[in-house]
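Fold and geometry: a report
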Amino acid sequence: MAQPVTDPAAAKSTGMDVSLEHIVKAYGEHVVLDDVSLSVREGEVCAIIGPSGAGKSTLLRCINLLERPDSGTIRVGDTTIDAGQEVGGKQLHGLRRQVGMVFQSFNLFPHLTVLRNIALPQERVLGRSRAEAEDRAMELLQRVGLGDKPAQYPSRCSGGQQQRVAIARALALDPKVMLFDEPTSALDPELGLEVLAVMRELADEGMTMIVVTHEMQFARDVSDHLIVMGHGTVLEEGQPEKIFTDPATDRTRRFLRAVLER
Amino acid sequence: MTVLQDWLGFLPQLASGLWVSVVVCLAAIVVGLPLGLALALGSSAGSRALRWPAIAVVEIGRGAPALVVLQVFYFGLPSAGLTLSSTMAACLALALTTAAYTSEIIRGGLQAVPRGELEATEALGMSRPDALRFVVIPQGIRVAIPPLMGFGVLIFQATSLAYTIALPELLGRAYSIGSSTFQYLSVLALAGLMYAAVTIPASLLTDRVERRMSRHLA
Ligand SMILES: Nc1ncnc2c1ncn2[C@@H]1O[C@H](COP(=O)(O)OP(=O)(O)OP(=O)(O)O)[C@@H](O)[C@H]1O
Ligand SMILES: [Mg+2]
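The structure presented is a predicted model; accordingly, all values stated were derived computationally and were not measured.

Turning our eyes to something else, we now look at helix H5 (residues 115-123) of chain B. Across the nine residues of H5 of chain B, seven count as buried, placing the element largely inside the fold. Its buried side turned inward, H5 of chain B meets helix H2 (56-63), helix H3 (89-98), strand S6 (99-102) and helix H6 (159-171) of chain A together with helix H6 (128-158) of chain B. Following H5 of chain B by one or two positions, Gly125 of chain B has its phi on the positive side, about 85°.

Next up, the structure:
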C-alpha cells in the first residue's frame, strides 16, 4: 500500500471532516438517538463502542442517510444537510459520493464476480469506462491481498475475503470518509484479523474512518478518538487510552469491565 | 393397428393445430412477460399513481378466468367497436393472463433479493434505476425463472381454451376431426399425447434449470 487512497490536495481544499450536530432519531415512542453530536477530523480514526442497542449502527447510518434522522445537521466535507428539511436528490448524491460504507454482512452482489462487484459502481456512479474501472478494481484487490480472486464469485470466497472485497468496492469510489459497522462481527476471529489488518493499513494511510466495533483491541490501538455510546447518547469520548484506563462514568466502567473480562 | 393408421391420418391436421398452439403460446409470453415485469415493478413502486393501476391490472388479470378473458376479447370487444381475429384475441387475452400471473412470480423474485444489497447500492451512491437494473432485476429474474417456466407450461395448456373462439389450434382441430369421424376417443387421446410431448420435456428442462440457477446464489 504505497500511495494514499485519498488525494490529500483535494481533501485539504475542502477542510475535510465529518460533523453531526444534535442528531435526534426516534422509532415511534422509542428515542434511539437523543441529541447526539460528534465530529471527526480529517485523517482521524474514530471508534464507536457501547452495549447492544445503544444506537451505534443507527448513528453511523445517519451519516450517509441510510437512516433519516428526525432532526439535526449532518456535514461531510462540503455537503451540509439539515435533516429536518427535505433532502434533494443532488444533495443526497453529493453526500454519498464522499462516504463509503462497509457492512457487517458484507452485502456483496452474489450474481457478479468479485471484479464486477468493484467495477460496476465505479462505472455507474463515477462514469468510468469499464477498462478504467476494472483496472482500478484490480489495483485495489491487490492492495487488500486478493489479487488472485477477480473472477471468483462471492459465494466461493471466505467471509474475510468477502469483507475485503466489500472494502475494495467502497474504496474504489474514492470516498473521503469510510464508515464501518462491526465489519468483523460476522467472522471467525482469524478471518477477522485479515480484515482488521486491511483497516489498520487504511488508517495508517490517513483515511478518515468511523468504526463501530466490538474489537476492543482495535479501538484501543488504532483509533485516535473513542466514543462510548449508551442508550442513544454519548456517554464519554476522548483519547482511547485514557478512557480504557480511567473511564469517567460508571456506565462506561461497567461496560468496559463486561467486555474486557469476556 | 387401425388406431395407428387413424392417427397417421389425423397427424397432419393436428400438427398444424399444434403449431398454432405453440405460436399463440409464444406470442402470449413474448408480449406478456415484459408487461409482467413492468407490472411487478409498478406494483412495488413507491408512487401511488404507478402502484394502484398496476395492482388493479394484476388483480383483474388473475381474478378473471382465462376463458372469460378470452371470450371478452373475442365476443365482447366487437360491441365496443374493436373486432379482433381469433388469433389476435387469443394472443392478447393469454398475454394479459400471462402478464398478471408472471408479475406476481417476478415480484416474488425481486423481493427475494436481500435488503442489505439494496442498502449497499444506496451507500455506494447508485441510483434507484441502476440498482434495479444491475442488482435487483438480474437476481430476481434468476429466482423467478423456474416458476416462470412452470407457468409457461400452464399457459401452453391454456391455449386449448381458444378452441371456444374458433381458433384452429390443437384441441380445435381434434374436435373438428372428432365431429366428422366420430372417433373422439382416438383423436382426443392423440391430441393429449401431443400436448404432453411438449409439456413433459419442458417440465424436465425446468427442473434442470432450477438446479443450475441455484448455483451462485447462496
Ligand atoms: N428499523 C427500526 N425500527 C424500530 N426500532 C429500531 C429500528 N432499528 C433500530 N431500532 C432500535 O434502535 C435501537 C438502537 O439500535 P442500533 O442498531 O443502532 O443499536 P446498536 O448500538 O448498533 O446495537 P448492536 O451492538 O446490537 O448492533 C435498538 O433498541 C433497536 O431495537
Ligand atoms: Mg449495530
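Right, let's get into the pairing of strand S2 (residues 30-41) of chain A. Residues and elements named next belong to chain A. Bridge count for strand S1 (residues 17-27) against S2 is nine bridges, and the pairing is antiparallel. Counted as the bridge partner of Ser19 is Ser39 from S2. Linking S1 to S2, which pair antiparallel, is a turn of two residues; within it Gly28 sits at a positive phi near 60°.

Residue and element names in this part refer to chain A. In the vicinity of ligand 1, 13 residues are found, and the nearest of them are Ser52, Gly53, Lys56, Ser57 and Thr58. One of the backbone N or O atoms of Ala54 is found 3.1 Å from an oxygen atom in ligand 1. Compared with its free state, where it exposes 640 Å², ligand 1 has 60% of that area covered by protein. Looking at the shell around ligand 1, the elements that each hand over two or more residues are S2 and H2. With three residues, the top contributor of residues to the shell around ligand 1 is H2.

Turning our eyes to something else, we now look at the pattern of salt bridges. Residue and element names in this part refer to chain A. Under the criterion given, the structure shown has 18 salt bridges over all chains. Here Arg61 makes a salt bridge to Glu67, at a shortest N to O gap of 2.9 Å. What makes Arg61 buried here is its relative accessible area of 14%. Since its relative accessible area comes to 15%, Glu67 is described here as buried. Put simply, Arg128, Arg136, Glu139, Arg143 and Asp174 are held in one network by salt bridges that share partners.

At the interface, 20 residues of chain B touch 22 residues of chain A. Overall, the association of chain B and chain A removes approximately 1,900 Å² of surface from exposure, summing both partners, and the carbon and sulfur fraction of that is 63%. Applying the counting rule to chain B against chain A returns three salt bridges. With its nearest N and O atoms 2.7 Å apart, the salt bridge here joins Glu119 of chain B to Arg61 of chain A. Taken together, chain B and chain A are joined by six residue pairs in polar contact (both at pLDDT 80 or more). Those elements giving two or more residues to the side of chain B that touches chain A turn out to be H5 and H6 of chain B. Residue composition of the side of chain B that touches chain A, by class: nine nonpolar, five polar and six charged.

Turning next to the UniProt feature "domain: ABC transmembrane type-1" (unreviewed entry) in chain B. The sites that UniProt annotates as "domain: ABC transmembrane type-1" (unreviewed entry) are residues 14-206 of chain B. Counting secondary structure, residues 14-206 of chain B comes out at 82% helix and 0% strand; the distance between its end C-alpha atoms is 26 Å.

Now for the confidence of the model for chain B. Interpreting fine coordinate detail is not advised for predicted regions of low pLDDT. Looking at chain B, pLDDT values average 92 and 97% of them are 70 or higher. Looking across chain B, the model is least confident in helix H8 (residues 184-213) of chain B, with a mean pLDDT of 91, and most confident in H5 of chain B, with 96.

What follows is about the sheet that holds S1 of chain A. All names here are of chain A. The strand order S2-S1-S4-S5 describes an open sheet built from four strands, whose pairing is antiparallel. Where the open sheet ends on each side, the last strands, each with one partner, are S2 and strand S5 (79-82). Here the average twist between neighbouring strands, direction ignored, is 15°. Across the sheet, H2 lies against S1, S2 and strand S4 (71-76), angled at about 120° from S1, the strand it touches most. Strands in contact with H3 are S4 and S5; relative to S5, the strand with the most contacts, it is inclined by about 125°.

Conventions and cut-offs
Residues numbered from 1 in each chain as written. Chains lettered and ligands numbered in written order. Predicted model: local features only at pLDDT ≥ 70, side-chain atom pairs only at ≥ 80, totals over all residues. Heavy atoms only, no water. Buried < 20%, exposed > 50% of the residue type's maximum accessible area, 1.4 Å probe, protein only. Helix = DSSP H or I, 4+ residues; strand = E, 2+ residues; numbered from the N terminus. Contact = heavy atoms within 4.5 Å. Pairing = 2+ DSSP bridges. Near = heavy atom within 4 Å. Polar contact = N/O pair within 3.5 Å; in protein donor to acceptor, adjacent residues only side chain to side chain. Areas by Shrake-Rupley, 256 points an atom, 1.4 Å probe, with all protein chains shown as cover. Salt bridge = Lys/Arg side-chain N within 4 Å of Asp/Glu carboxyl O. Buried area = accessible area lost by both parts, 1.4 Å probe. Nonpolar A, V, L, I, M, F, W, Y, C, P; charged D, E, K, R; others polar. UniProt positions renumbered as here; feature names shortened; annotations may be inferred. pLDDT = per-residue confidence, 0-100. Axes fitted to C-alpha atoms, helices over the stretch in contact; angles between N-to-C directions.

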